Amino acid sequence: MTVAAAHSVLDRTLALHPQVALRPEPFGALAYHYGTRRLVFLKHPDLVRVVRSLDRHDTVADALIACDIAPARRPAFATAIAGLLDSEMLDDRAR
Amino acid sequence: MDNELTEAQDRDDAPTATLDEQVLDEQLIEEISIDGMCGVY
């Protein structure tokens, strides 16, 4: 995952893929894709909040702000969200 | 005296730098392969 790829995700309009289920866990959540059978650990509750809120915001950047993610943490969140996009856990949606 | 002040400032700075590094290195996702579990279900 390049820095540019992670940064470019901030302007995207995303949502959880319809075939993905999020199961709450003590460390965050477990995401399972019923189509690809991929499994991803979301290792912080803040990331789970952001992912669940994506469908209520026009951009990923808006979701990070709305969830009070500190600016210093946003690059790590952008990288994680870009990774979730690569693994098809997230999908583009119309605004 | 000056040395004591400098050392105190160094100590004050150290935890902040460490915290910043932790924030930047935060690994938020981990993909798990379940290929080896195909026979289980």
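Everything below is about the structure shown above.
Report on the accompanying structure. In this text, all values refer to a predicted model and were calculated from it rather than measured experimentally. Sequence positions are assigned chain by chain, starting from 1 and proceeding in written order. The lettering of chains begins at A and the numbering of ligands begins at 1, in the order of writing. Local features in this predicted model are restricted to residues of pLDDT 70 or higher, and side-chain atom pairs are both shown and tallied only at a pLDDT of 80 or more, whereas totals for entire chains, interfaces and linings draw on every residue.

## Focus: the overall build of chain A
In step 1: Strands are runs of DSSP state E lasting at least 2 residues, helices are runs of H or I lasting at least 4, and numbering of each runs from the N terminus. A tally of regular secondary structure across chain A gives four helices and five strands.
In step 2: For chain A, the α and β elements follow one another from N to C terminus as α-β-β-β-β-α-α-α-β.
In step 3: It is over C-alpha atoms that the radius of gyration is taken, and the globule rule equals 2.2 Å times the number of residues to the power 0.38. Taken over C-alpha atoms, the radius of gyration comes to 12 Å for chain A, in line with the 12 Å a tight globule of 95 residues would show.
In step 4: In terms of overall dimensions, chain A has a C-alpha envelope of 30 × 30 × 25 Å along the principal axes.
In step 5: Field definition: a residue is buried when 20 or more other C-beta atoms are found within 10 Å of its C-beta, exposed when 12 or fewer are, and partly exposed for counts in between, with C-beta atoms placed from the backbone. In chain A, buried positions account for 33% of the 95 residues.
In step 6: By definition, residues are in contact whenever their C-beta atoms, placed on the basis of the backbone, come within 7 Å of each other. A separation threshold of at least 6 residues defines the contact pool for chain A, and within that pool the share at least 24 residues apart is 56%.

## Remarks on the pairing of strand E3 (residues 28–33) of chain A
Residue and element names in this part refer to chain A.
In step 1: A pair of strands is labelled paired if DSSP reports no fewer than 2 bridges between them. Here strand E2 (residues 20–25) runs beside E3; their pairing, made up of six bridges, is antiparallel. If you follow Ala21 over to E3, its bridge partner there is Tyr32.
In step 2: Where E2 hands over to E3, the hairpin turn is made up of two residues, counted between the paired strands.
In step 3: Pairing geometry for E3 and strand E4 (residues 39–42), over four bridges, is antiparallel. Within the sheet, the bridge partner assigned to Ala31 lies in E4 and is Val40.
In step 4: Hairpin connection of E3 to E4: five residues between the antiparallel strands, including Arg37 at a positive phi of 60°.

## Observations concerning the interface of chain A and chain B
In step 1: Contact with chain A, which involves 18 residues of that partner, is made by 11 residues of chain B.
In step 2: When residues of the side of chain A that touches chain B are traced back to their parent elements, those giving at least two are E4 and helix H4 (74–86) of chain A.
In step 3: Ranked by residues supplied to the side of chain A that touches chain B, first place goes to H4 of chain A with six residues.
In step 4: With four bridges joining them, E4 of chain A and strand E1 (residues 29–32) of chain B adopt antiparallel strand pairing. In the sheet register, Phe41 of chain A faces E1 of chain B, and the bridge partner there is Glu30 of chain B.

## Concerning the sheet that holds E1 of chain B
In step 1: If you walk across this open sheet you meet the four strands as E2(A)-E3(A)-E4(A)-E1(B), and the pairing is antiparallel. The sheet is open, and its two borders are formed by E2 of chain A together with E1 of chain B, each paired with just one other strand. Averaged over all pairs of adjacent strands, the angle between their axes in this sheet comes to 20°, without regard to strand direction.
In step 2: Here an axis means a line fitted to C-alpha atoms, over the contact stretch when the element is a helix, while the angle between two N-to-C directions is reported on a 0 to 180 degree scale. Packing of helix H2 (residues 45–53) of chain A onto the sheet brings it into contact with E2, E3 and E4 of chain A, and relative to E3 of chain A it is tilted by some 50°.

## Describing the nonpolar core
In step 1: One finds Leu42, Leu47, Phe77, Ala80, Ile81 and Leu84 of chain A to be the most contacted residues of the largest nonpolar core, which totals 28 residues.
In step 2: Among the secondary structure elements, those contributing two or more residues to this core are E3, E4, H2, helix H3 (60–66) and H4 of chain A.
In step 3: Looking at this core element by element, the count peaks at eight residues for H4 of chain A.
In step 4: Excluding residues within four positions of it along the chain, Leu42 of chain A makes contact with Gly28, Ala29, Ala31, Leu47, Val48 and Val51 of chain A together with Leu28 and Ile29 of chain B. Under the definition applied here, buried Ala, Val, Leu, Ile, Met, Phe, Trp, Tyr and Cys residues are grouped into a nonpolar core through C-beta atoms within 7 Å.

## Observations concerning H2 of chain A
Residues and elements named next belong to chain A.
In step 1: Within the span of H2, buried status applies to Leu47, Val48, Val50 and Val51. Viewed end-on, H2 has its buried residues packed into an arc of 165°, placing them on one side of the element.
In step 2: Those residues of H2 that are buried lie in contact with strand E1 (14–16), E2, E3, E4, H3 and H4. Directions are taken from the helix axis to each C-beta atom, and the arc is the one they span.

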